[in-house]
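Observations on the three-dimensional arrangement
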Amino acid sequence: MRKALLIVAIMAFCSTSHAVATCQETLNLKCGIALEGHIISQTLGKNVTFAVERVSTMFSTSCIEKYDIDTVKISSLNSNWKEWAEERNHLSKSTEFKEKVVLSTIRLIDSDAIRLNNREVWQKDSVKLKYLSSLFGNKSQQVCILEDGAYLRFVSLISTELQINVSDISSISYEERDKTAINGIVDIVEMKSGDVCKGLIIEKVLGDYIRIKTDNGMTQNILNKDIEAIKRVALNPKESVLRQSPYLDEINGTRGLIVYQKSGSPDPYIIMAIDNNLEKRFELKQVSVINSVLNKDYTPLHDIIIDKEEVYFNRIKASPIKRPEAKSDLYVFKGKDLENMVELNSENGYFDLTIEMADNDSNKSAILFPVTDIGKKKEVYAYAAKDVVDNPIVVKSEFVSSNGTLRKVYRVSRGCYALYVPKTKMNYFCEVK
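Residues numbered from 1 in each chain as written. Predicted model: local features only at pLDDT ≥ 70, side-chain atom pairs only at ≥ 80, totals over all residues. Heavy atoms only, no water.

1. Details of the overall build of the chain
Within the chain, the regular secondary structure consists of five helices and 33 strands. Within the chain, buried positions represent 44% of all 433 residues. Here the contacts in the chain between residues at least 6 apart in sequence split such that 67% fall between residues at least 24 apart. With an accessible surface of roughly 23400 Å², the chain has 48% of that area assigned to carbon and sulfur atoms. (Helix = DSSP H or I, 4+ residues; strand = E, 2+ residues; numbered from the N terminus. Buried < 20%, exposed > 50% of the residue type's maximum accessible area, 1.4 Å probe, protein only. Contact = heavy atoms within 4.5 Å. Areas by Shrake-Rupley, 256 points an atom, 1.4 Å probe, with all protein chains shown as cover.)

2. Re the packing of aromatic side chains
Aromatic ring pairs are defined here through the distance separating the ring centres and the angle between the ring planes. Within the structure shown, the criterion is met by five aromatic pairs. Taken together, a centroid distance of 6.3 Å and an interplanar angle of 35° make the contact between F136 and F154 tilted. Of the two residues, F136 sits in helix α3 (residues 119-136) while F154 sits in strand β8 (residues 151-156), which places them 18 residues apart along the sequence. Assessed through its relative accessible area of 4%, F136 is described here as buried. We classify F154 as buried; its relative accessible area is 0%. A network of ring pairs unites the aromatic residues F59, F136 and F154 as a single cluster. The positively charged end of K130 is found above the aromatic ring belonging to Y131, 4.6 Å away from the centroid. One cation-aromatic arrangement involves R281 over Y269; the distance from NZ or CZ to the ring centre is 3.7 Å. (Phe/Tyr/Trp six-rings, centres within 6.5 Å; stacked < 30°, edge-to-face > 60°. Lys NZ or Arg CZ within 6 Å of the ring centre and 35° of its normal.)

3. Side note on the side chain of N314
As for its position among the elements, N314 is in the loop between β21 (311-313) and β22 (316-318). Within the structure, N314 has its side chain in polar contact with the backbone nitrogen of T354 (distance 2.7 Å). (Polar contact = N/O pair within 3.5 Å; in protein donor to acceptor, adjacent residues only side chain to side chain.)

4. Topic: the side chain of T254
Within the secondary structure layout, T254 lies in strand β17 (residues 254-262). Looking at T254, its side chain comes within polar contact range of the side chain of K280, at 3.4 Å.

5. Let's talk about the state of the cysteines
Applying the stated criterion across every chain yields a total of zero disulfides. The structure places no disulfide on C416, whose sulfur is separated from the nearest cysteine sulfur, that of C430, by 8.1 Å. Judged by its relative accessible area of 11%, C416 falls in the buried class. (Disulfide = S-S within 2.5 Å.)

6. Things to note about the pattern of salt bridges
What the rule picks out here adds up to 19 salt bridges. Linking E176 and K213 is a salt bridge whose minimum nitrogen-to-oxygen distance equals 2.8 Å. Placement of the pair is E176 in the loop between β10 (169-174) and β11 (185-191) and K213 in strand β13 (residues 209-214), with a sequence separation of 37 residues. Its relative accessible area of 45% is what places E176 among the partly exposed residues. A salt bridge links R281 to E283; the nearest nitrogen and oxygen atoms lie 3.0 Å apart. The network of salt bridges with common partners includes D303, R315, E356 and R407. (Salt bridge = Lys/Arg side-chain N within 4 Å of Asp/Glu carboxyl O.)

7. Focus on the confidence of the model for the chain
Looking at the chain, pLDDT values average 81 and 82% of them are 70 or higher. Mean pLDDT across the elements of the chain bottoms out in helix α2 (residues 111-117) (56) and peaks in β10 (96). Here residues 9-21 is modelled with pLDDT under 50, and outside its nearest four sequence neighbours on either side it reaches 29 contacts, counting other chains as well. (pLDDT = per-residue confidence, 0-100.)

8. Description of the nonpolar core
In this structure, L27, L29, I33, L35, V55, L135 and I164 are the most contacted members of the largest nonpolar core, which totals 28 residues. Listing elements by their share of this core, those giving two or more residues are β2 (25-29), β3 (34-43), β4 (47-60), β6 (100-108), α3, β8, β9 (160-165) and β10. Contact partners of I33, with chain neighbours within four places excluded, come to L27, N28, V55, S56, T57, K128, Y131 and L132. Within the second largest apolar cluster, 19 residues are counted, among which are F313, I355, L368 and Y428. (Core = buried A, V, L, I, M, F, W, Y, C linked by side-chain atoms within 4.5 Å.)

9. A few points about a nonpolar patch on the surface
Taken together, the side chains of L330, V332 and I374 present a nonpolar region at the surface, about 210 Å² in accessible area. Looking at the secondary structure, you find L330 in strand β25 (residues 330-334). A relative accessible area of 33% places L330 in the partly exposed class. (Patch = residues over 30% accessible without salt bridge, like charges linked within 9 Å, V, L, I, M, F, W, Y side chains within 5 Å.)

Given below as structure tokens:
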């Protein structure tokens, strides 16, 4: 596949991807602990191995051996705490809130000592203390206390792996998709009644129901007993579903993405999309462990927020040039230094040029057409008035995103092009070479 460079007539920048989010899932335990991170593996019906990145809970101060409060400089924190503190600087009691944050150091009483000295506390908090002891390892732990008193509610950043019994899990929550996301996974829940619900599963309450945020923004609860199957498809249909999930699944040595789960009797099964775009079926009775691995090919993509007068060529912002005065029916203008370059994929010598604008009547009437280089050093361009009417480039595809971005895709060859907006009389130029 050949590539060409798109050169836009003004320097600009735009980010097409965000850093991969680290906390993808939250395990809500029955004892009141919430663990954020991601599932590494599942032994079906038995336990889950979870990569913990953040812990939040509330429990009695009678379980704490040591408890100090310090105002610390954000600059002295590790990168995880620093990012967390900068996002939540309103929690600081210091007037220098942009530089300092209030954190605490706690140490739990050894669980054996609690069991011997206060059996009531041990019986009440046994499961909670088991997990907190596993996380803290009998060491002092830095936390941010959100509620104080007889009971503490706190959050702690801990990087560790923890094996959790399925019977201890209340629910699993999933991050909601940003409204500007243009790639990712869409969940399609097929019900025994024949109804279909499409959106994003945001919570699974084990053994009971799921919550799905539908395409219209509503949240729907669906009982497990009413579910026939769950299908997963790509949000961006032009890109492989395997490239749009932050994690891939691994079953019996086969790596891919689970795209279909048939539940209920008599023969539940799983279908996995694998690397070469083939699918493989696994009978559920043959599956004991499902592993989750980081997807190296995944990069989250987001729509840019476009103002009403802005135009982007393949995510590079272009500067408008007022339509010049015509000499006869020829419009002549001076070129500018063409400094921005992006890669375009080629099919048989043609290239897909994507133009993004705000969705309004003015931009809907915009016309893309070729222009001619008439200067010896590529400094002068021209087009005839009839080119706008007689020689427009046909739109290959067009749609409006959820945040009001009008996206038009054109099939072009090498050369110079102008996008003309009749209402504003503005030109936006680019060159594919």
